[in-house]
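Chain by chain, the residues run as shown.
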Amino acid sequence: MAPSPYEAETDAAKLSRKKDYLEGFLAQKPAETPAGEAGGDVYEAVIDTLKSIFDPEIPVNIYDLGLIYGVEITPDNHAIVTMTLTTPHCPVAESMPGEIELQVGSVPGVGHAEVNLVWDPPWDPQKMSDEAKLELGML
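The present account deals with the structure reproduced in this document. Values in this document were obtained by computation on a predicted structure and should not be read as measured data.

Time to look at the overall build of the protein. The helix and strand inventory of the protein stands at 4 helices and 3 strands. Starting at the N terminus and ending at the C terminus, the protein contains elements arranged as α-α-β-β-α-β-α. Going through the 139 residues of the protein one by one, you find that 32% of them count as buried. By sequence separation, contacts in the protein at least 24 residues apart represent 55% of the contacts at least 6 residues apart.

Shown next as structure tokens:
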């Protein structure tokens, strides 16, 4: 087996090589996340808005409650929220989607908001975040 070229390297040369590597790594700028993707400004602002909307019967926001199945920001900054309700017979079934459209539509950078209400898969308590479960005494 041939010896590695690094075995003959002096300690000073190794240190110099490592410094060059770290300097290059630290000089790199993080890649910017597009505003409409997860981690982007518009996307995160929509998520923050959803976290400020509470289910009137349960003292937990709709995002942590697991009612939001997806958030999509189109290239022209239209927000599409796919969500469900705890039950089809929920007293706010008629008003909640409209309220969410209004609040998400008012997020700076969002041109238009649309809410798609779905029933499949049905909501169940396992969809709640740990924070919501803790708030409701389920943990």
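Where strand β1 (residues 68-73) lies against strand β2 (residues 78-83), 5 bridges are found, and the strand directions are antiparallel. Note on β2: the bridge partner recorded for V71 is V81. The antiparallel hairpin formed by β1 and β2 contains 4 residues in its connecting segment, where N77 sits at a positive phi of about 65°.

With that out of the way, let us pick up the environment of D55. Position of D55 relative to the elements: it lies in the loop between α2 (41-50) and β1. On a C-alpha basis, the gap between D55 and L85 in space is 9.3 Å, while along the polypeptide they are 30 residues apart. Those residues in contact with D55 that lie beyond four places of it in its chain are V60, I62, L65, L67, T86 and M96. Separated by 2.8 Å, the side chain of D55 and the backbone nitrogen of E57 make a polar contact. Within the structure, the side chain of D55 is placed 3.3 Å from the backbone nitrogen of I58, a separation counted as a polar contact.

Judged by nonpolar contacts, the single largest core of 30 residues is most densely connected at V46, L50 and I100. Discounting residues that sit within four places of it in the chain, L50 has contacts with N61, I62, Y63, I68, V71, I100 and V104.

What follows deals with the pattern of salt bridges. Within the structure shown, the criterion is met by 1 salt bridge. In this structure, K127 engages D124 in a salt bridge whose closest nitrogen and oxygen atoms are separated by 3.8 Å. For K127, a relative accessible area of 31% gives the class partly exposed.

Strands belonging to one sheet form pairs held by backbone hydrogen bonds; the direction of such a pair is parallel or antiparallel. In spatial order, the strands read β1-β2-β3; together these 3 strands make up an open sheet with mixed pairing. Every other strand in the sheet has two partners, leaving β1 and β3 (112-117) as the edge strands with one partner each. Going across the sheet, the axis of each strand differs from the next one's by a mean of 15°, ignoring polarity. Its contacts with the sheet place α2 against β1 and β2, and it is angled at close to 145° to β1. The strands that helix α3 (residues 96-105) touches are β2 and β3; relative to β3, the one it contacts most, it runs at about 150°.

With that out of the way, let us pick up unusual backbone geometry. Note the cis peptide between D120 and P121, where omega equals 5°. Inspection of the secondary structure puts P121 in the loop between β3 and α4 (130-135). With a phi close to 65°, N77 is a non-glycine residue in the positive phi region.

For a regular strand, side-chain orientation follows a simple rule: the groups alternate between the two sheet faces. Bridging between β2 and β3 involves 6 bridges; their strand directions are parallel. Counted as the bridge partner of H78 is H112 from β3.

Rules of the game
Every chain begins its residue count from 1, and numbering advances along the sequence as written. It should be noted that, the model being predicted, local features are given only for residues of pLDDT at least 70 and side-chain atom pairs only at 80 or more, the latter also being counted only at that level, while totals for whole chains, interfaces and linings use all residues. Remark: hydrogens and water are excluded; side-chain values derive from all non-hydrogen atoms of the structure. Numbering of helices and strands starts at the N terminus; helices are DSSP runs of H or I of at least 4 residues and strands are runs of E of at least 2. Accessible area is worked out with a 1.4 Å probe on protein chains only. A residue is then buried under 20% of its type maximum, exposed over 50%, and partly exposed in between. Contact criterion: two residues are considered in contact whenever any of their non-hydrogen atoms come within 4.5 Å of each other. At least two bridges found by DSSP between two strands are what make those strands a pair. Whenever a nitrogen or oxygen atom comes within 3.5 Å of another N or O atom, the pair is scored as a polar contact, on the condition that within protein one atom can donate a hydrogen and the other can accept it, and that pairs from neighbouring residues in sequence are kept only if both atoms are in side chains. Residue types Ala, Val, Leu, Ile, Met, Phe, Trp, Tyr and Cys, when buried and joined through side-chain atoms within 4.5 Å, form a set referred to as a nonpolar core. By definition here, a salt bridge exists when the distance from a side-chain nitrogen of Lys or Arg to a carboxyl oxygen of Asp or Glu is within 4 Å. In this analysis, axes come from line fits to C-alpha atoms, helices being fitted only over the stretch in contact, and the angle between any two N-to-C directions falls in the range 0 to 180 degrees.

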